[in-house]
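# Structure assessment
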Amino acid sequence: QVQVVESGGGGVQPGGSRRLSCAASGISVSRNRMGWFRQAPGNEREWLASFMSIGRINYGDSVKGRFTLSRDNEKNTAYLQMNSLKPEDTAVYYCWVGGTGGDYWGQGTQVTVSS
């Protein structure tokens, strides 16, 4: 019954911006650890940003200062605002929710940064 669905991916030019959404059902984005990861072809999945315990937000070094994590508790949706995008940001972006019973992942949304 738990579903995590990402949206908002697409193509963008270097220096541009996009906002990704993560809509969850069957699990709360406010009462669980949750965040965003990405995976580029041939690379391991990379952690980007997460809401941790007590609502603390942590960011990975590669996106700190450029990406912003937020959430709308009423909509049970989290967002990742991505600014100053670089070609190396090209990847499939995944939403993650760390529930008590296990980890839940979305199917991913492709973000391609190119000229």
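I will try to describe carefully the structure that is included in this document. Residue positions are given per chain, counting from 1 as you read along its sequence in written order. For a predicted model such as this one, the threshold for reporting local features is a pLDDT of at least 70, and the threshold for listing and counting side-chain atom pairs is 80 or more; totals across whole chains, interfaces and linings nevertheless cover every residue. No hydrogens and no water enter the side-chain calculation; it runs on all heavy atoms of the structure.

Moving on, we come to unusual backbone geometry. Backbone geometry places N76, a non-glycine residue, at a positive phi of 55°. Looking at the secondary structure, you find N76 in the loop between β7 (67-72) and β8 (77-82). The classification of residues rests on relative accessible area computed with a 1.4 Å probe and restricted to protein chains. Under 20% of the type maximum is buried, over 50% is exposed, and intermediate values are partly exposed. In this structure N76 comes out as buried when scored by relative accessible area, which is 17%. One non-glycine residue, S84, lies in the positive phi region at around 50°. Per the convention used, a helix needs a DSSP run of H or I reaching at least four residues, while a strand needs a run of E reaching at least two, with both numbered from the N terminus.

Okay, the environment of Q1 next. Within the secondary structure, Q1 sits in the segment before β1 (3-7). Relative accessible area serves as the criterion here: at 95%, Q1 is assigned to the exposed category. Spatially, the C-alpha atoms of Q1 and A49 are 25 Å apart, while their sequence positions differ by 48 residues. Only heavy atoms matter for contacts: two residues are in contact if any of them lie within 4.5 Å across the pair. Among residues more than four places away in sequence, those in contact with Q1 are S25 and G26.

Residues enter a nonpolar core if they are buried and are Ala, Val, Leu, Ile, Met, Phe, Trp, Tyr or Cys, with the set joined through side-chain atoms within 4.5 Å. Grouped together as the largest cluster of nonpolar side chains are 25 residues, with contacts concentrated most on M34, W36, F67, L80, M82 and Y93. Among the elements of the structure, β3 (18-25), β4 (33-39), β5 (46-51), β7, β8, β9 (91-99) and β11 (109-113) are those that each provide at least two residues to this core. For this core, the element with the most residues is β9, which contributes four residues. For M34, the residues in contact, after removing those within four places along its chain, are C22, V29, A49, S50, F51, L69, A78, C95, W96 and V97.

Side chains that differ in charge, positive against negative, can pair when their charged atoms come close. We define a salt bridge as a side-chain nitrogen of Lys or Arg found within 4 Å of a carboxyl oxygen belonging to Asp or Glu. Within the structure shown, the criterion is met by four salt bridges. Measuring nitrogen to oxygen at the nearest pair gives 2.8 Å for the salt bridge that ties D89 to R38. Taken together, the residues D89 in the loop between β8 and β9 and R38 in strand β4 connect sequence positions 51 residues apart. Exposure class is identical for D89 and R38. Each is buried. Close ionic contact of R66 with D89 constitutes a salt bridge, the shortest N to O distance being 2.8 Å. With R66 in the loop between β6 (57-59) and β7 and D89 in the loop between β8 and β9, the pair connects residues that are 23 residues apart, well separated along the chain. Neither residue differs from the other here; R66 and D89 are each classed as buried. Salt bridges linked by common partners bring R38, E46, R66 and D89 together as one network.

It is worth spelling out the sheet that holds β3 at this point. Read from one edge of the open sheet, four strands run β1-β3-β8-β7, paired in antiparallel fashion. Since the sheet does not close on itself, it has two edges, and those belong to β1 and β7, each with one partner. The mean inter-strand angle of the sheet, taken between neighbouring strand axes irrespective of direction, is 15°. In this structure, β7 lies alongside β8, joined through six bridges in antiparallel fashion. Each bridged residue has a counterpart across the sheet, and for T68 the counterpart in β8 is Q81. The criterion for strand pairing is that DSSP finds at least two bridges linking the strands in question. As a rule, the C-alpha atoms of each element are fitted with a line to give its axis, helices using only the stretch in contact, and angles between N-to-C directions run from 0 to 180 degrees.

A word on the side chain of S50. Following the sequence through the fold, S50 ends up in strand β5. Engagement of the side chain of S50 in a polar contact is seen with the side chain of W47, the distance being 2.6 Å. S50 has contacts with M34, G35, R56, I57, N58, L69 and W96, leaving out every residue within four places of it along the chain. As used in this structure description, the phrase polar contact means that two N or O atoms lie within 3.5 Å; if the pair is within protein, one of them must be able to donate a hydrogen and the other to accept it, and residues adjacent in sequence are counted only when both atoms belong to side chains.

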